[in-house]
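Residue-level listing of the chains:
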Amino acid sequence: MTDLVPEHPGPHRRFDPLRGEWVLVSAHRTERPWQGRIETFDPPGFLPDYDPDCYLCPGNRRAGGRVNPAYTGTYAFTNDFPALRPAVADTSPPTSPLFRADRVAGTCRVLCFSPRHGRTLADLDRTEIHSVIDLWAEQTTDLGATYRWVQIFENKGEAMGASNPHPHGQVWAASALPTYVAAEDRRQAEYRDAQGTNLLTDYTRIECVETTRVVIENDTWVAVVPYWATWPYETMLVPHRHVLRLPDLTSDERADLAELLKRLLTRYDNLFATPFPYSMGWHGAPFQTDQIDHWQLHAHIYPPLLRSASVRKFMVGYELLGESQRDLTPEDAAQRLRRLPETSDRNDLHVT
Ligand code: H2U
Ligand code: ZN
């Protein structure tokens, strides 16, 4: 893998073929002085394995009144404050074409990754991460039997709005395709119609030859900073094989994904010497439709940090009003991530 990164290019735009949106790339902006907000989140560092006040720890009572079982591996339960509900009424007919509403049914679950309160996904060993992948796959199969879309995700860290440091993610299932997923669906279908091949498998094949944006590659997976990445250290995880959804992964592919996640998340933690905040989630083929061959399974990881553990990227003025903008090139971000060690200094927690 080469460490050669082209000279910093001047400001330019790059196209995201999955969403069909442009991103403004303004390298060197990270060198500007900063007297703005310094995030004050306390890295959860070394928390106990059990917290009597945590609503996710085994045996504890949740806000809804239910008590968690004494679980020893992963554990899923229906969210006590769900954003979607299985039984919803039809929306009333619009009084004007400008007032459109649509019915959406669904359900939300919370996915505990481990009974140990003080760990993060990055701290878990490969076997434990493999169990989390199995849980993601089971939830996809289970909810995909009823709902068109199954969104697996994790918000990690206070900076990303996670309500609790206990290692957990969520799954939201919905009867309607969400906006960004509908865009990915359309874009991948259009590519397939025009080229006869799969957008993301073509893309990752080229990235693995070029290597400048590849962070980690193993036998069956690649982690790449997308050419069109929006967030400073955004990555995308894609299997080499054409795979539609998480449940379709073979046991070898799950083991390789566990290995890749362990290595990538440890590097993220090492980037700014902090448990790295992010939102990450999975996109795969929707259910209840025959036309799915244009889909390729992938994960997006969107971390907010820009310069340090305490300075984040704000998507504000131009980004909200015009288009997304990034302050370092994806090639630069990939190179920084490649140079980091894959060992954790969270020594007393670290298990290989
Ligand atoms: P986040 O940390 O990503 O917000 O996820 C935690 C979820 O846990 C959140 O969606 C739910 C919240 O609604 N929750 C319960 O279901 N029961 C509780 O007792 C507290 C929080
Ligand atoms: Zn806990």
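No experiment lies behind these values; they were computed from the predicted model shown.

All right, on to the overall build of the chain then. Of regular secondary structure, the chain possesses 6 helices and 14 strands. Its C-alpha radius of gyration of 21 Å places the chain within 12% of the 20 Å reference for a compact globule of 352 residues. Oriented by its inertia axes, the alpha-carbon framework of the chain measures out at about 55 × 55 × 45 Å. Residue burial in the chain is summarised as follows: out of 352 residues, 54% are buried. When contacts within the chain are restricted to residue pairs at least 6 apart in sequence, those whose partners lie at least 24 apart make up 70%. Just so you have it, the chain exposes about 16,500 Å², and 51% of that area is on carbon and sulfur atoms. Put simply, the chain has 37 plus and 47 minus side-chain charges, and the middle of one group is 3 Å from the middle of the other.

Looking at ligand 1, there are 13 residues lining it, with Ala63, Asn79, Asp80, Ser163 and His168 nearest. One nitrogen or oxygen atom from the side chain of Asn155 is found 3.5 Å from an oxygen atom belonging to ligand 1. In this structure, His168 approaches ligand 1 through a side-chain N or O atom, which is 2.7 Å from an oxygen atom. Burial of ligand 1 by the protein chains amounts to 88% of its free accessible area of 470 Å².

Attention shifts here to empty space enclosed by the protein. Summed over the entire model, instances satisfying the criterion amount to 1 cavity of 30 Å³ or more. Approximately 90 Å³ is the volume found for the largest cavity. If you trace the largest cavity, you find it lined by Thr140, Trp149, Val150, Ile152, Arg245, Leu246, Trp282, His283, Gly284, Ala285, Phe287 and Leu297. Listing elements by their share of the lining of the largest cavity, those giving two or more residues are strand 5 (149-156) and strand 10 (278-283). Looking at which element gives the most residues to the lining of the largest cavity, the answer is strand 5, with 3 residues. A class-by-class count of the residues in the lining of the largest cavity yields 8 nonpolar, 3 polar and 1 charged.

The end-to-end C-alpha separation of helix 3 (residues 199-210) is 17 Å, in line with the 16 Å expected for 12 residues at 1.5 Å each. When we look at burial in helix 3, the residues that qualify are Leu199, Leu200, Thr201, Asp202, Tyr203, Thr204, Glu207 and Cys208. Buried positions along helix 3 lie against helix 2 (179-195), strand 7 (214-217), strand 8 (221-224), strand 9 (235-239) and strand 11 (298-302). For helix 3, the N-terminal cap is Asn198; the gap from its side-chain oxygen to the backbone nitrogen of Leu200 is 3.2 Å. Following helix 3 by one or two positions, Thr211 adopts a phi angle in the positive range, close to 70°.

What counts, and where the lines are drawn
- Along each chain, residues carry numbers from 1 onward, in the same order as the chain's sequence is written.
- Lettering for chains starts from A, numbering for ligands starts from 1, and both go in the order in which the items are written.
- pLDDT decides what is reported in this predicted model: residues at 70 or higher carry local features, side-chain atom pairs at 80 or more are listed and counted, and totals for whole chains, interfaces and linings draw on all residues regardless.
- Remark: hydrogens and water are excluded; side-chain values derive from all non-hydrogen atoms of the structure.
- Numbered from the N terminus, helices here are DSSP runs of H or I no shorter than four residues, and strands are runs of E no shorter than two.
- Radius of gyration here is computed from C-alpha atoms only, and the compact-globule reference equals 2.2 Å multiplied by the residue count raised to the power 0.38.
- Using a 1.4 Å probe on the protein chains alone, a residue whose accessible area is under 20% of its type maximum counts as buried, one over 50% counts as exposed, and one in between counts as partly exposed.
- In this description, contact between two residues means that some pair of their heavy atoms is separated by no more than 4.5 Å.
- We get accessible surface area from the Shrake-Rupley algorithm with a probe of 1.4 Å; when it comes to residues, only the shown protein chains can shield them.
- His is not counted, nor are the chain ends; Lys and Arg add positive charge and Asp and Glu add negative charge.
- One atom stands in for each charge, and that atom is NZ of Lys, CZ of Arg, CG of Asp or CD of Glu.
- It suffices for a single heavy atom of a residue to lie within 4 Å of a molecule or strand for the residue to be listed as near it.
- Any pair of N or O atoms that falls within 3.5 Å is considered a polar contact. Within protein, one atom must be able to donate a hydrogen and the other to accept it, and sequence-neighbouring residues count only if both atoms are side-chain atoms.
- Throughout, the protein atoms alone are placed on a 1 Å grid, and a set of points is a cavity if a 1.4 Å probe fits but cannot get out or a pocket if it is open with protein on both sides within 12 Å along at least five of seven lines; lining residues have an atom within 4 Å of a point.
- Grid points are joined across faces, edges and corners, and a volume is the space filled by probe spheres set on the points.
- Each residue gets one label: Ala, Val, Leu, Ile, Met, Phe, Trp, Tyr, Cys and Pro are nonpolar, Asp, Glu, Lys and Arg are charged, and the others, such as Gly, are polar.
- In this analysis, the expected span of each helix is defined as 1.5 Å times one less than the number of residues it contains.

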